[in-house]
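# Overview (structure and organization)
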Amino acid sequence: MAVIHRTTLKPTKLDLLTSWLPSRPWYRGGTGEPTLAKAGGFRLDDPQGEVGIEFMVVTDTSGPQPVAYLVPLAYRGAPLEGAEHALVGTMEHGVLGQRWAYDGCHDPVLADRLAALIEGRAQAQDQNVSDAPDHEVIASYSGEGPLSGNFTATDDEEGTALTTPQGTTLRLQRALQPAPDARILPPQGAVGHVSGTWETPEGTRAAGVFAVLYGAGRA
């Protein structure tokens, strides 16, 4: 069970993301610096207790229309070998010391736990409260057999594709789209999905698909 520490982070997560987000191919903002606010998300537990796993939603209000982004982050107490390209930045945690924050799509522990969530073997946890399930996060799986957590991550303008050697693809929606009337319907052909909620800059709640799982050859 992940413990949420009430302490300081220097720099903050939003400080790191302000510099990192514009470098992503799926970023929808302009050339200026984004104006970010934390808008929601959830956590997953690492059974080994080594990696902090957070799926953060942030809103950017720097452009003509606000955009909500899904940012999976993996927090580690030491550098992840071979993942230099996925490093978002380092922070000084008031309790845990120096932490390395990675784009979680490139972290094998986060990818494995995301697969477990979709299959129903893991429970989404509240983003801010220790040992509290987040019941607003919904996951489904209708595929056959166990889902491999051995993903290769590829970014494009639409989001991030996590592909297994068997051809199964889990596509993360990086720029989130609110579902009309909060009625969440996974795309046709999907064999699994994760959905959740976040707060808009206007103070209302939005709901939408976070990730969609496709079988081999269907993404």
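Scope of this entry: the structure provided in the associated data block.

Here is what the cut-offs are and how they apply
Residues numbered from 1 in each chain as written. Predicted model: local features only at pLDDT ≥ 70, side-chain atom pairs only at ≥ 80, totals over all residues. Heavy atoms only, no water. Helix = DSSP H or I, 4+ residues; strand = E, 2+ residues; numbered from the N terminus. Expected span 1.5 Å × (residues − 1). Buried < 20%, exposed > 50% of the residue type's maximum accessible area, 1.4 Å probe, protein only. Polar contact = N/O pair within 3.5 Å; in protein donor to acceptor, adjacent residues only side chain to side chain. Phe/Tyr/Trp six-rings, centres within 6.5 Å; stacked < 30°, edge-to-face > 60°. Salt bridge = Lys/Arg side-chain N within 4 Å of Asp/Glu carboxyl O. Core = buried A, V, L, I, M, F, W, Y, C linked by side-chain atoms within 4.5 Å. Contact = heavy atoms within 4.5 Å. Pairing = 2+ DSSP bridges. Axes fitted to C-alpha atoms, helices over the stretch in contact; angles between N-to-C directions.

### Some thoughts on helix α2 (residues 108–119)
Because the α-helix completes a turn every 3.6 residues, residues three or four places apart line up on one side. Its 12 residues give α2 an end-to-end C-alpha distance of 17 Å, which sits within 8% of 16 Å, the value for a rise of 1.5 Å per residue. Taken as a whole, α2 has its buried residues at Leu-110, Ala-111, Arg-113, Leu-114, Ala-115, Ala-116, Leu-117 and Ile-118. Regarding α2, its N-cap is Asp-107, as a side-chain oxygen of that residue lies 2.9 Å from the backbone nitrogen of Val-109 further along. In the stretch just after α2, Gly-120 is the one whose phi turns positive, near 90 degrees.

### Overview of the packing of aromatic side chains
Under the counting rule described, the total for this entry stands at 6 aromatic pairs. Judged by centre distance (6.3 Å) and plane angle (5 degrees), the ring pair of Phe-42 and Phe-210 falls under stacked. Taken together, the residues Phe-42 in strand β2 (residues 36–44) and Phe-210 in strand β12 (residues 205–214) connect sequence positions 168 residues apart. With respect to class, Phe-42 is no different from Phe-210; both count as buried.

### Some details on the pattern of salt bridges
By the definition in use, this model includes 9 salt bridges. The shortest N-O distance in the salt bridge between Asp-107 and Arg-76 comes to 2.6 Å. Highlighted residues: Asp-107 in the loop between β6 (97–103) and α2 and Arg-76 in strand β4 (residues 67–76), separated in sequence by 31 residues. Residue Asp-156 is joined to Arg-171 by a salt bridge in which the shortest nitrogen-to-oxygen separation is 2.9 Å. Of this pair, Asp-156 sits in strand β8 (residues 152–156) while Arg-171 is found in strand β10 (residues 169–173), placing the two residues 15 residues apart along the sequence. Because the salt bridges share partners, they merge into one network encompassing Lys-13, Arg-43 and Glu-54.

### Looking at the nonpolar core
In terms of nonpolar packing, the biggest core is built from 32 residues, with Phe-42, Leu-170 and Val-194 touching the most fellow members. Elements with a minimum of two residues in this core: β2, β3 (52–60), β4, α2, β10, β11 (190–199) and β12. If you tally residues by element for this core, the top one is α2, at 6 residues. In contact with Leu-170, other than residues within four places in its own chain, are Leu-114, Ile-118, Phe-151, Thr-160, Ala-161, Leu-162, Ala-211, Val-212 and Leu-213. Within the second largest apolar cluster, 18 residues are counted, among which are Trp-20, Met-56, Leu-73 and Ala-101.

### Some thoughts on the sheet that holds β6
Spatially, the 6 strands line up as an open sheet ordered β1-β5-β6-β4-β3-β2, and their pairing is antiparallel. Looking along the sheet, the strands with just one partner apiece sit at the ends: β1 (9–10) and β2. As defined by bridge partners, β2 adjoins β3 across 8 bridges and the pair is classed as antiparallel. Opposite Ala-37, over in β3, you have Thr-59 as the bridge partner. With respect to the sheet, helix α1 (residues 13–20) is in contact with β1, β2, β3, β4, β5 (87–93) and β6, its orientation differing from that of β5 by roughly 160 degrees.

### Examining unusual backbone geometry
Even without glycine at this site, Asp-131 takes up a positive phi of about 55 degrees. Note that Asp-131 resides in the loop between α2 and β7 (138–141).

### Regarding α1
All of the buried residues along α1 are Lys-13, Leu-16, Leu-17, Thr-18 and Trp-20. Contacts made by the buried residues of α1 are with β1, β2, β3, β4, β5 and β6.

### A look at the sheet that holds β7
Strands sit in the order β7-β11-β12-β10-β9-β8 across an open sheet of 6 strands; the sheet is antiparallel. Two strands lie at the open edges of the sheet, namely β7 and β8, each paired on one side alone. Pairwise comparison of adjacent strand axes, ignoring direction, gives a mean angle of 20 degrees for this sheet. Alignment of β10 against β12, held across 4 bridges, turns out to be antiparallel. Directly across from Arg-171, in β12, lies its bridge partner Val-212.

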